[in-house]
Amino acid sequence: MRLTRGVALASLSSLTLFAQSYTISTFAGGALPVNVAGTAASLNGPQAVAVDKSGNVFFIDGNSVFRLDATTKLLTLTAGSGTAGFSGDNGLATGAQLNAPSGLALDSSGTLYIADTNNGRIRKITNGVITTVSGNLAIGGVSSQLYNPGGVAVDPSGNLYIADTFNNRVLEFSAGVITLIAGGGGIAGFGGDNGVAVNAQLNKPGGVAADSSGNLYIADSGNYRIRKVTKGIITTVAGTGTVNLSGDNGPAANAGFSASKIALDSSGNLYIADTFNNRIRKITSGTITTAAGGGSSQADGPAASAQIYPNDVTVDSAGNIYIAETVYANSIRKISSGAIATLAGSAASSGLQLGDTGPATGARLNSPQGIAVDSSGHVFIADTANNSIREVSGGVINTVAGNRVAGFSGDNGAGSSARLNTPEGVAVDSSGSFYIADTANNSIRKVTGGVITTVAGNQAKGFSGDNGPAASASLNQPAAVAVDSSGNLYIADTGNSRIRKVSASVITTIAGNGTAGFSGDGGAATSAQLSAPSGVALDSAGNLYIADTGNNRVRRITNGSISTIAGGGAIPGDNGPATSAQLAGPQGLAVDSTGTLYIADNNRIRKVAGGIINTIAGNGAPGFGGDNTPSTLALVSNAQGVAVDAGGNVYVADSGNNRIRLLKPGTPPAITPGGIVPNDSAVSVIQPGSWISIYGSNLANGNYLWNADFPTSLGGTMVAIDNRPAYLWVVSPAQINAQVPDDANTGLVSVAVTTGAGTATSTVTLAQYGPSFSLLGDGKHVAGEILTLDGSGAYGNYDLVGPANTFSYNTRPVKANETLTLFGVGFGPTTPALAAGQAFVGADSTTTPVTVTIGGVNAKVLFAGLSEAGLYQINLVVPASTGTGDQPLQATVNGIKTETGPVVTVQ
């Protein structure tokens, strides 16, 4: 018979182990535009749009789906936490992770389908709960393994159609069965018209639409055509296979366009999001026209005069057209009666919409890539896809260059009014001026006293100008810039596979011979080959470090000679020589005052000190997680930039998560001398399998409580005892309670507590197991329960053992022949054995019999075994001949007796 305890015994606090040196948090970015008016929202390139029968508009922005309420005009979150990844199935959609979703569809009941593109899945939201409906299994003989699905559609019967884009096919999902509709070969191409659709070739189909007659339309994007499937036969209904703008007011089959996404209205008119031509095209009775776009105005007004950048298009039952516009416009727009109006976002969002003048953690960033820190601790961010440079000072963010609209303008004026184009790098000099790698403008810009100028690059993409004025030279997609104490600039001229230097306004090549490749180590840097270098950094001695991205290396120039200092190996190589390690497209670099090198290595942050490399954040898999824990437990995604300040804080441009993360060195933990003691004050020795308390300082970065089986890591803290992981219940900065591993050796053993800031060690003596009872607060009476029978014969009415009214609990003395449950430690092995770290099992009895006496009289033992990890439960019947008052309690296991002292009160 096993009974569960109902008494709160001594609080078990837990512990954590991990030997890393930083705690990670979000420093800037990560906010979502929720609970704001749609037109006040900052959007980052909406990808898809859908509208329900009530006029509510759903759209994809980043890794989230938003809903614009038709009545209140407020934005709310429908799905996606905003960070790329896969999680959340069978839970609330707002807490799930999506990964670059790009298609939406609604059925007649309001169920929302999402093409979760980079996760290779179609997800469904019903009543706020998200599930996967396709993408991870084979049904009906057709593989539903999807490869970057880009579009979804639902017909009036509720059948779901999937544009399986990179598998070059279209599938139907109906009544739980997957059916191939078109493009069975899987190889991109064009062919099969007027034949069976499953034998046809498609090329990256991006969108699908279904009408009420059973016809399916396919945006055959890579073929620049619209294909139609009717009764299993495929034909081309629009497009010549060219992307040029042509054919308006003529047969759609003779037109040129790009075909990213399509939609049908209730009359059968077909609408095309002609992305490359910045138009919405309309096909009616075989004739194609322009329905919107082609103008030069981004202001609301006549649709025919509007400048648009459509990614997706949909139509409501009244014939209104909705457009999801790209990074150039960042808006959701509606066309009604020939007029276009903005519903959400704007072509040039204000700073307030981006979060300016507010907390940096409340801002929106879009693929930040470069980062720099000045001597005052101000952090500069190349907010790349927002075409801006942001500055964080005192936790507040502001835009200091770029007005978010891509382009080139503004020299000799206010930097915040200028146009930048995909700036990827930023550097700051000792006087507070900052430099911008204005990548798509093929220029280096400088902002001094708020005024922007161009210091290198003539905007023409190419290579020219060495030994002449830097402003007249041609650069090719410069990705990074660095500045030394003398004001010399170093430019990662990425597309030219060179490093250029600007000194006294004259530009030269200092590394790379212009031919992409790898060669030259040990020789002159100007003769070496580089491959798409995208990061540069300087140390205090003037050595220049290069992120040789295409070669998966970091190289260093010293006195004109180049060498590899990290990368080139076949394995990650942590804790070994950096030159034997494998890097994965390193981009950003930083060097601190001690010469330690930091590398933004895609989904890891690496650190090289003394020639040895280690990972200090990320594990190589893209994702988001781990804030406020040791950084090695965290995930980062496509980390592009890294910077370090004078205090050793490391800033990471976590581009895939649209955030800046902060890696902060912590204070190492310390264990108080003599601060490792039994968790139960009634027990004088520590045994394998028992719980201990560890006292000290900085033992954890917060208070954490287990919520399942006991973990070996809790809140980023871990404990090792006798070099074995210990299991934890809760942890706190001043105390950890851990279970000693069952297989720990007896005698003097090591204890190590590890947090994100380091490891503290001590020793403790472990004794052979021996029985001990847990005691109540007076240190005398045993901790237990009196179980009485209720009317049905079941045990219930729990009281605690002890003299009446002695404790704050509901206590009373025990009676003869009553069932008593006691708790303790050290009663030996059980069968079945309790798995290490497991919190609870069914009937795990001790393998060695347990005898108990009360007042010297043998009690009948009904059960002896584990109640949970590290805590034993003994159920017994109080002997009828036991005396009254406090009676001594004694247990014996394998000849070992409990210590003297515990008593039970009998009436």
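Here is what the cut-offs are and how they apply
- Residues numbered from 1 in each chain as written.
- Predicted model: local features only at pLDDT ≥ 70, side-chain atom pairs only at ≥ 80, totals over all residues.
- Heavy atoms only, no water.
- Helix = DSSP H or I, 4+ residues; strand = E, 2+ residues; numbered from the N terminus.
- Buried < 20%, exposed > 50% of the residue type's maximum accessible area, 1.4 Å probe, protein only.
- Contact = heavy atoms within 4.5 Å.
- Areas by Shrake-Rupley, 256 points an atom, 1.4 Å probe, with all protein chains shown as cover.
- Lys, Arg positive; Asp, Glu negative; His and termini not counted.
- Charge placed at Lys NZ, Arg CZ, Asp CG, Glu CD.
- Salt bridge = Lys/Arg side-chain N within 4 Å of Asp/Glu carboxyl O.
- Core = buried A, V, L, I, M, F, W, Y, C linked by side-chain atoms within 4.5 Å.
- Pairing = 2+ DSSP bridges.
- Axes fitted to C-alpha atoms, helices over the stretch in contact; angles between N-to-C directions.
- Phe/Tyr/Trp six-rings, centres within 6.5 Å; stacked < 30°, edge-to-face > 60°.
- Lys NZ or Arg CZ within 6 Å of the ring centre and 35° of its normal.
- pLDDT = per-residue confidence, 0-100.

## Re the overall build of the protein
Thinking step 1. The number of helices and strands found in the protein is 1 helix and 80 strands.
Thinking step 2. Along the first, second and third principal axes, the C-alpha atoms of the protein reach 110 × 75 × 45 Å.
Thinking step 3. Here the protein holds 907 residues, and 57% of them are scored as buried.
Thinking step 4. Pairs at least 24 apart in sequence give 51% of the contacts found in the protein among residues at least 6 apart.
Thinking step 5. For the protein, the computed accessible surface area is about 32600 Å², with 50% contributed by carbon and sulfur atoms.
Thinking step 6. Of the side chains in the protein, 45 bear a positive and 53 a negative charge, and the two mean positions are spaced by 5 Å.

## Things to note about the pattern of salt bridges
Side chains that differ in sign of charge can pair as their charged atoms come close.
Thinking step 1. On inspection of all chains with the given rule, the structure shows 26 salt bridges.
Thinking step 2. Arg 169 is the salt-bridge partner of Asp 164, the closest N and O atoms lying 2.7 Å from each other. Each member of the pair, Asp 164 as well as Arg 169, is classed as buried.
Thinking step 3. Measuring nitrogen to oxygen at the nearest pair gives 2.8 Å for the salt bridge that ties Asp 521 to Arg 555. You can see Asp 521 sitting in the loop between β44 (506–511) and β45 (535–538) and its partner Arg 555 sitting in strand β47 (residues 553–558), a full 34 residues away along the chain.
Thinking step 4. The class for Arg 555 is buried, based on a relative accessible area of 0%.

## With respect to the nonpolar core
Thinking step 1. Counting residues in each nonpolar core, the largest one holds 24 residues, and the members touching the most others are Phe 773, Val 782, Leu 820, Phe 827, Ile 874, Leu 876 and Val 904.
Thinking step 2. Looking at this core, the elements with two or more residues in it are β72 (819–825), β75 (850–854), β76 (857–868), β77 (871–877), β78 (885–893) and β80 (903–906).
Thinking step 3. By size, the runner-up hydrophobic cluster in this structure holds 23 residues, among which are Ile 671, Val 719, Val 753 and Leu 766.

## Re unusual backbone geometry
Thinking step 1. Note the cis peptide between Thr 831 and Pro 832, where omega equals -5°.
Thinking step 2. Among the secondary structure elements, Pro 832 is positioned in the loop between β73 (830–831) and β74 (845–846).
Thinking step 3. A positive phi is found at Asn 148, a non-glycine position, where the angle reads about 50°.
Thinking step 4. Among the secondary structure elements, Asn 148 is positioned in the loop between β12 (142–143) and β13 (151–154).

## Quick word on the sheet that holds strand β40 (residues 468–469)
Strands belonging to one sheet form pairs held by backbone hydrogen bonds; the direction of such a pair is parallel or antiparallel.
Thinking step 1. Spatially, β40-β44-β43-β42-β41 is the arrangement adopted by the 5 strands of the open sheet, whose pairing is antiparallel. Either end of the sheet is taken by a strand with one partner, and the two such strands are β40 and β41 (480–483).
Thinking step 2. The pairing of strand β43 (residues 498–503) with β44 spans 5 bridges and is classified as antiparallel. Its bridge partner lying in β44, Arg 500 is registered against Thr 509.

## Let's talk about the sheet that holds strand β35 (residues 396–401)
Thinking step 1. Pairing in this open sheet of 4 strands is antiparallel, and the strands run β32-β33-β34-β35 from one edge to the other. Each of the sheet's edge strands pairs with one partner strand only, and the pair in question is β32 (370–373) and β35. Averaged over neighbouring strand pairs, the angle between their axes works out to 25° when direction is ignored.
Thinking step 2. Pairing between strand β33 (residues 379–383) and strand β34 (residues 388–393): 5 bridges, direction antiparallel. Its bridge partner lying in β34, Ala 382 is registered against Ile 389.

## Some details on the pairing of strand β65 (residues 735–739)
Thinking step 1. Along β65, 5 of the 5 residues are buried, which leaves the element largely enclosed by surrounding structure.
Thinking step 2. Here β65 shows two buried faces, one formed by Gln 735, Asn 737 and Gln 739 and the other by Ile 736 and Ala 738.
Thinking step 3. The pairing of strand β59 (residues 691–697) with β65 spans 5 bridges and is classified as antiparallel. Note on β65: the bridge partner recorded for Trp 691 is Gln 739.
Thinking step 4. As paired strands, strand β64 (residues 727–731) and β65 are joined by 3 bridges and run antiparallel to one another. Counted as the bridge partner of Tyr 727 is Gln 739 from β65.
Thinking step 5. The turn joining β64 and β65, which pair antiparallel and follow one another in sequence, is formed by 3 residues.

## Observations concerning the packing of aromatic side chains
Thinking step 1. For the coordinates displayed, the defined rule picks out 7 aromatic pairs.
Thinking step 2. Considering the side-chain rings of Phe 59 and Phe 66, the 5.8 Å spacing of their centres and the 35° angle between planes classify their relative orientation as tilted. Taken as a pair, Phe 59 and Phe 66 share a single burial class, namely buried.
Thinking step 3. A centroid spacing of 6.1 Å and a plane angle of 55° characterise the contact between Trp 691 and Trp 729, whose relative ring orientation is tilted. Of the two residues, Trp 691 is situated in strand β59 and Trp 729 in strand β64; the sequence distance between them amounts to 38 residues.
Thinking step 4. Ring pairs connect the aromatic residues Phe 773, Phe 827 and Tyr 872, which therefore count as one cluster.
Thinking step 5. The cationic tip of Arg 498 hangs over the ring face of Phe 463; the distance from NZ or CZ to the ring centre is 3.7 Å.

## Structural notes on the environment of Thr 579
Thinking step 1. Here Thr 579 lies in the loop between β49 (576–577) and β50 (589–591).
Thinking step 2. Spatially, the C-alpha atom of Thr 579 lies 6.9 Å from that of Thr 564, the residues being 15 residues apart in sequence.
Thinking step 3. Ignoring anything within four residues of it in the chain, the contact list for Thr 579 reads Thr 564, Ile 565, Ala 566, Gly 567 and Gly 569.

## Notes on the side chain of Asp 61
Thinking step 1. The topology assignment puts Asp 61 in strand β3 (residues 57–61).
Thinking step 2. Look at Asp 61 and you get buried, because its relative accessible area is 1%.

## Details of the confidence of the model for the protein
Thinking step 1. Mean pLDDT for the protein: 88, with 91% of residues reaching 70 or above.
Thinking step 2. Long-range and interchain partners of residues 1–20, a stretch whose pLDDT sits below 50, account for 110 contacts in this model, where long-range means more than four residues apart.
Thinking step 3. Residue range residues 790–797 is modelled with pLDDT below 50. Its contacts to residues more than four positions away, or to other chains, number 12 contacts.

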